[in-house]
Each structure stands twice: as structure tokens, then as C-alpha cells.
Protein chains: 2
Amino acid sequence: MTSQELFENIKKKGSFLCVGLDTDINKIPRFLLETTDPLFAFNKEIIDATHKYTVAYKPNLAFYESMGVSGWNSLEKTVNYIRYNYPDIFIIADAKRGDIGNTSNMYAKAFFDTMDFDSVTVAPYMGEDSVKPFMTYVDKWVILLALTSNKGAADFQYVTENNEKLFEKVIRKSKQWGTEDNLMYVVGATKSEKLKEIRDIIPDHFLLVPGVGAQGGSLKEVAQNGLNKKCGLLVNSSRGIIYASAENDFAEKAGLAAREIQQEMNKLLVDKGLV
Amino acid sequence: MTSQELFENIKKKGSFLCVGLDTDINKIPRFLLETTDPLFAFNKEIIDATHKYTVAYKPNLAFYESMGVSGWNSLEKTVNYIRYNYPDIFIIADAKRGDIGNTSNMYAKAFFDTMDFDSVTVAPYMGEDSVKPFMTYVDKWVILLALTSNKGAADFQYVTENNEKLFEKVIRKSKQWGTEDNLMYVVGATKSEKLKEIRDIIPDHFLLVPGVGAQGGSLKEVAQNGLNKKCGLLVNSSRGIIYASAENDFAEKAGLAAREIQQEMNKLLVDKGLV
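Residues numbered from 1 in each chain as written. Chains lettered and ligands numbered in written order. Predicted model: local features only at pLDDT ≥ 70, side-chain atom pairs only at ≥ 80, totals over all residues. Heavy atoms only, no water.

Enquirer: So, the sheet that holds strand 1 (residues 17–21) of chain A: which residues are in play, and what are the values?
Expert: All names here are of chain A. Taking strand neighbours around the barrel as the criterion, the eight strands line up as 1-2-3-4-5-8-9-10 in a closed arrangement whose pairing is parallel. Averaged over all pairs of adjacent strands, the angle between their axes in this sheet comes to 30°, without regard to strand direction. Here strand 5 (residues 141–147) runs beside strand 8 (residues 183–187); their pairing, made up of five bridges, is parallel. Note on strand 8: the bridge partner recorded for Val-142 is Leu-183. (Pairing = 2+ DSSP bridges. Helix = DSSP H or I, 4+ residues; strand = E, 2+ residues; numbered from the N terminus. Axes fitted to C-alpha atoms, helices over the stretch in contact; angles between N-to-C directions.)

Enquirer: How would you explain the interface of chain A and chain B if you had to name every residue and give the values?
Expert: Each side of the interface is counted separately: chain A has 58 residues, and chain B has 58 residues. In this assembly, chain A packs against chain B so that about 5,100 Å² is buried in total across both faces, 61% of it on carbon and sulfur atoms. Sorting the residues of chain A by area buried against chain B places A:Met106, A:Tyr125 and A:Phe156 first, and these three jointly supply 18% of that buried surface. Taken together, chain A and chain B are joined by six salt bridges. Residue A:Lys173 is joined to B:Asp155 by a salt bridge in which the shortest nitrogen-to-oxygen separation is 3.8 Å. (Contact = heavy atoms within 4.5 Å. Buried area = accessible area lost by both parts, 1.4 Å probe. Salt bridge = Lys/Arg side-chain N within 4 Å of Asp/Glu carboxyl O.)

Enquirer: I'd like a description of the pairing of strand 2 (residues 56–59) of chain A, backed by residues and values.
Expert: Residues and elements named next belong to chain A. The alternating pattern of strand 2 places Ala-56 and Lys-58 and Tyr-57 and Pro-59 on opposite faces, both of which are buried. Bridging between strand 1 and strand 2 involves four bridges; their strand directions are parallel. From the neighbouring strand, Leu-21 faces strand 2, where its bridge partner is Pro-59. Taking the sense of rotation as the criterion, the β-α-β connection linking strand 1, helix 2 (residues 38–50) and strand 2 turns out right-handed. (Buried < 20%, exposed > 50% of the residue type's maximum accessible area, 1.4 Å probe, protein only. Right-handed = clockwise from strand over helix to strand, strands pointing away.)

Enquirer: Go over the environment of B:Lys96 with me, naming the residues and quoting the values.
Expert: Summarising the element assignment, B:Lys96 is placed in strand 3 (residues 90–97). Through-space distance from the C-alpha of B:Lys96 to that of B:Thr121 is 4.9 Å; in sequence the pair is 25 residues apart. When neighbours within four sequence positions are excluded, B:Lys96 is seen to be in contact with A:Lys96, A:Gly98, A:Asp99, A:Met126, B:Thr121, B:Val122, B:Ala123 and B:Leu145. Polar side-chain contacts of B:Lys96 include one of 2.7 Å to the side chain of B:Asp94. (Polar contact = N/O pair within 3.5 Å; in protein donor to acceptor, adjacent residues only side chain to side chain.)

Enquirer: So what's going on with the environment of A:Asn248? Residues and values would help.
Expert: One can find A:Asn248 in the loop between helix 11 (239–242) and helix 12 (250–271). Sequence separation between A:Asn248 and A:Pro29 is 219 residues, and the spatial gap between their C-alpha atoms is 7.2 Å.

Enquirer: How would you sum up the UniProt feature "active site" (unreviewed entry) in chain A? Please name residues and give values.
Expert: Under the UniProt annotation, "active site" (unreviewed entry) lies at A:Lys96. Residue contacts for A:Lys96: discarding those within four places in its chain leaves A:Thr121, A:Val122, A:Ala123, A:Leu145, B:Lys96, B:Gly98, B:Asp99 and B:Met126. (UniProt positions renumbered as here; feature names shortened; annotations may be inferred.)

Enquirer: Break down the relation of the copies chain A and chain B for me, citing the residues and quoting the values.
Expert: One copy of the chain maps onto the other through a rotation about an axis followed by a shift along the same axis. Of the transformation placing chain A onto chain B, the axial shift is 0.0 Å and the rotation is 180°, giving an RMSD of 0.0 Å. When the rotation and shift are considered jointly, the pair of chain copies conforms to a two-fold rotation axis. By C-alpha distance to the rotation axis, the residue of chain A lying nearest is A:Glu161, at 2.7 Å. When you check the interface residues of chain A against chain B, 100% turn up at the interface there too, and the contact is symmetric in its surfaces. (Least-squares fit on C-alpha atoms with pLDDT ≥ 70 in both.)

Enquirer: Which residues make up the sheet that holds strand 8 (residues 183–187) of chain B, and what values do they have?
Expert: Read around the barrel, eight strands follow the order 1-2-3-4-5-8-9-10 (chain B) and close on themselves; strand pairing throughout is parallel. Averaged over all pairs of adjacent strands, the angle between their axes in this sheet comes to 30°, without regard to strand direction.

Enquirer: Tell me what's going on with the pattern of salt bridges, and back it up with residues and numbers.
Expert: Following the criterion strictly, the structure yields 40 salt bridges over all chains and no others. Two residues, A:Glu65 and B:Arg97, come together in a salt bridge whose shortest N-O distance is 3.0 Å. One end of the pair, A:Glu65, is in helix 3 (residues 61–65); the other, B:Arg97, is in strand 3, on a second chain. Classification of B:Arg97 as buried rests on a relative accessible area of 1%. Put simply, B:Lys96 and B:Asp94 hold a salt bridge, and the shortest N to O gap is 2.7 Å. Judged by relative accessible area, B:Lys96 falls into the buried class, the value being 7%. Among the residues examined, B:Asp94 registers a relative accessible area of 5% and is labelled buried. One connected set of salt bridges, linked through shared partners, spans A:Lys58, A:Asp94, A:Lys96 and B:Asp99.

Enquirer: Lay out the state of the cysteines in plain terms, naming residues and giving numbers.
Expert: By definition, a disulfide links the sulfur atoms of two cysteine residues through a covalent bond. Residue and element names in this part refer to chain A. In this structure the tally under the stated criterion is zero disulfides over all chains. The structure places no disulfide on Cys-231, whose sulfur is separated from the nearest cysteine sulfur, that of Cys-18, by 12 Å. Given the relative accessible area of 0%, Cys-231 is considered buried. (Disulfide = S-S within 2.5 Å.)

Enquirer: Got a sec to walk through helix 5 (residues 101–114) of chain B? Specific residues and values, please.
Expert: Residue pairs three or four apart in sequence face the same way in an α-helix, which turns once every 3.6 residues. The end-to-end C-alpha distance of helix 5 of chain B, which contains 14 residues, comes to 18 Å, matching closely the 20 Å that a straight helix rising 1.5 Å per residue would cover. At B:Ala108, helix 5 of chain B shows its maximal kink, close to 25°. (Expected span 1.5 Å × (residues − 1). Bend = angle between axes of the 7 residues up to and from the residue.)

Enquirer: Help me get a handle on a negative patch on the surface, residues and values and all.
Expert: On the surface, A:Glu5, A:Asp139, A:Glu180 and A:Asp181 cluster together into a negatively charged patch. Considering the arrangement of structural elements, one finds A:Glu180 in the loop between helix 8 (166–174) and strand 8. (Patch = residues over 30% accessible without salt bridge, like charges linked within 9 Å, V, L, I, M, F, W, Y side chains within 5 Å. Areas by Shrake-Rupley, 256 points an atom, 1.4 Å probe, with all protein chains shown as cover. Lys, Arg positive; Asp, Glu negative; His and termini not counted. Charge placed at Lys NZ, Arg CZ, Asp CG, Glu CD.)

Enquirer: Break down the packing of aromatic side chains for me, citing the residues and quoting the values.
Expert: Counting across every chain of the model gives 23 aromatic pairs over all chains. With centroids separated by 6.2 Å and ring planes inclined at 55°, the aromatic side chains of A:Phe31 and A:Phe250 adopt a geometry described as tilted. Of this pair, A:Phe31 sits in the loop between strand 1 and helix 2 while A:Phe250 sits in helix 12, and the two are 219 residues apart along the sequence. We classify A:Phe250 as buried; its relative accessible area is 3%. Residues B:Phe111 and B:Phe117 carry aromatic rings whose centres are separated by 5.9 Å and whose planes lie at 75° to one another, so their mutual orientation is edge-to-face. A single burial state applies to B:Phe111 and to B:Phe117, both of which are buried. Grouping aromatic residues by their ring pairs yields a cluster made of A:Phe31, A:Phe42, A:Tyr243 and A:Phe250. (Phe/Tyr/Trp six-rings, centres within 6.5 Å; stacked < 30°, edge-to-face > 60°.)

Structure follows, in C-alpha cells:
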């Protein structure tokens, strides 16, 4: 998918929402445990209930890996289900991968070839040759960690050399490795005051913004500081949507929670003159 | 496994070798493709042929993930096979994981609970709360990226603040998060001149050293700069051992390649007065 196609979907749906599929066997409704594949059964219902309001899904790999082979199987079925039923939705492998070149090649194969994800989150610590292999696939994306939403972000991401913080250096250097059509950045919503500074470095790239909702970030602030002329934002919500209810009505409640965010997003897009 | 137990195994075998299981379906002998599980069939033969000469195995997750569900299945069988047949061998999930706390918890569950790895490699970019969840398991280890062996290591790992490079800061800060019994560091053999400086910061921790062999690092230099009173090194070799031959004799040749390194290591341990 190109950035223009992603923007078209955003305009069509009046939404720049990404629904995080952090599907936890201990948090899904109990009655689903009687199905043959509870993680997939849960995801399928959530996807059917939320697809109208979202432009992206983001399975968090850790939750599937924690279940071993069966979890990996649920993940593959989830990706295939989205791709087959809602082909215009952007799918993110939230995997935080990154290794020496020949190993990153293998991760790229896993996510873009064996599975049909559109993008994968990548950690920048190992530098250029750990990131570029993901960019050799046409219409596939790297989503590089820049400034994360967690407390530990302060440990290393602000290390400063010549008045440039590490996360700024990561952005400045890596933007030469790709284009606005195959590279976006993770910027936590809990750091929304930093979004403006980051927009000065990369006015045109898409940003994936986690941390709205359960982690405390504000959607309005994120939009004020991060929206650009092609929207340029995917804002993720996981727990606030998928665990809106733990009862029989979990899918319906997830749909309502997604719609509520979509409506707020639509207003922000209208205010900005984008839809 | 404690660091003392690891050291006892090193002394017993006269080896601080780690065999990297970067098992690539396109590089294993053709006749194995007729078996029901080629990756596992290959690993089993390699393990049986090399276990006398090695104290650790390091499956590289990317190679298994690239095969999807079947690869994940081969991985689980490989870990179980090592654990059951050679229980004193240290098993490393070379996975380069790391995410916000509740997600790192799930990765820890995947590697230490669902599977029975002893350790997992972790990328430090997201800081303390992305690393610590892996240390809550008794006798399990984090192996944190410090200075990697690849070209891209130069992009960010040398960013310098107050005369302290990022990889040094990663080591100084993170050593407070764990102990010598649950935290080791990745230091590439291609940076062996830096090993001495790193030993000044962490004289007693174990280091996992990749990059000997195919990547060009020298075992002798690594030993000179890195050995400590409990050995303190695990030196990895992947391709040089497991792809020593692509014919019927692949396992035998892998065993010979591993034995050759073990003999060199034994001599280095004797010279240092450790065995």
C-alpha cells in the first residue's frame, strides 16, 4: 500500500484509527475458551465489529508467541482473515524486530512473504543494515521506533550528542534509508509535545502513535501536533477497544468504542480540512 | 542456570562455544527436504554431532519464523530435544525482543514458560521496563545488546554524551537492573578491541560474542580481551559449523568444525589457568 492509498482509506472512513490486537487468552470472554481457536475466534468477532471504523489492525506478536505454535497459527489466520475480507485495511506486525542483515532478511520474509503483513515495527539500535532488508519488498513498510510511549524511553532515547537527541538522530539518519511510501515512525502519544518537533524533521512521513487511552495520551493533542496534509497519523488503541467488555457483548462494545474514537477523529479531520 | 553452573560446564567440556542454529531451508542438505520436518531433522543431527564440544545452542528466531507455523513447530521441537537429551546445555533464544512492560512480559512467557529457553537476547532501545520483565524468572537470563558485530552498529551505538558512548551507557545503566546471574551482554567479536574497555565496566558478567568466523572476528583476540576468572565468554559460531558441508556428511563435518574450535578454546582456557 502506498501512503496515498492509505490516505484515501483514511478519508473514506473518516478515521486514522489503528486497532491493536493484543489478544490475551486471560482477558478474552470465558465462553470463547470452548472454541477450537479462542484467539482467532476473538479476533474475528472484533474485526467484524470494528472494520468500518479503522484503517489499520496491529497484532502484537508477543501475545501470539506466548501461546507457542497454536498462537502463531491464530496469528496467521487473523492476518489472512483481514486480508481476505477487508483488503483495504493496513496490517501492522508489531514485532519490534531488527538484527544483522541476513537475519533481518529472514524476518522480512516471515512477515511479508510467509505472512501478508503490510508493515513491521523495527527497533533501530543495530542501524542501517538491520532496517533496510525490510524495505526491499514493494509496497511494504518499516515502522521504526523513534520515541516510545513507555517510562523506559527516558533511559536511552534522549541521549544527546551535539544538541541532537538519540531519537532525533534515529529519525534524521533513517529517513535517508527509505521514502514516505515505505517508512513510518513510532512516536508515543504520551510524548505529544515532542510531536511538533518531530514534524519539523519529517513533515510528510506517517507516524504510528501508541499510548492513547490506557497509557494516558490525548487524541486531541496528538492531532494538533501531528496531523499533516495527508493526515500522516495512525493512532493506535488496543485495550480500550478490544476489552471494552468481557461479556457476550464484547464485539458490540468494541465496535461502539471504535466508533466513538472514529467520530472524534472524523471531527479532527474535518477541522483540519482533510475530509 | 547460574553463572557458576555455566562455568562448571565450560570447565568440564573445555569449551565456551555456542553453536548458532541459523537453520535455513535453502542451505540444509537436499535429502532432508524429504523428511516431515526438515529444520528439526537438520538440527537434531547437528546437535547430536556437536553437543560434546559446545556449552550453548542459539536458535536464531528469524529463520524459524520465516517458515511460519511449521518453523515455530520445528523450533519448539529443537528446544525440547536439547533440554531432554543434553540438559546441561544453555539455550539462547536469539530473538532481539523488547517492548513496553506488559508486552515484554508476554515475550518472557513465550520463551521461558511456553518454551524452555534459558535466555533471550533483548534490544535496549526502550529502556528499563522493556528489559526487566525477562528477569523475573528464576535462573533465566537476559542477554542485552551492547555493541553489535554489524556495520550498522556505528549508526547509533557510538552516540556520545559526556564522553560516554551509547553502548557504554546501556551497559552502565542496565547492570543495575540485574545481576551476574541473570544478565549478560552481546559484544561483537568484530569489535574485540572494545572488549577490554567493556571488561573495565563489567569485569564479572558473561558476554555473548557473535561474529567469529563468517563475520571475520578472531577467537584469540576475543579471549585475550574478554576472558575473566569464570571464563565470562560464550563465543558463537553459526554458519562455519552448521554448514561445514552440504552433503550426507553434514553432521560429521559440523562435529569436526565444532571440535576444532573447542580444542582452540581449551588451549585458551588452559593458558589462562581456568582448566
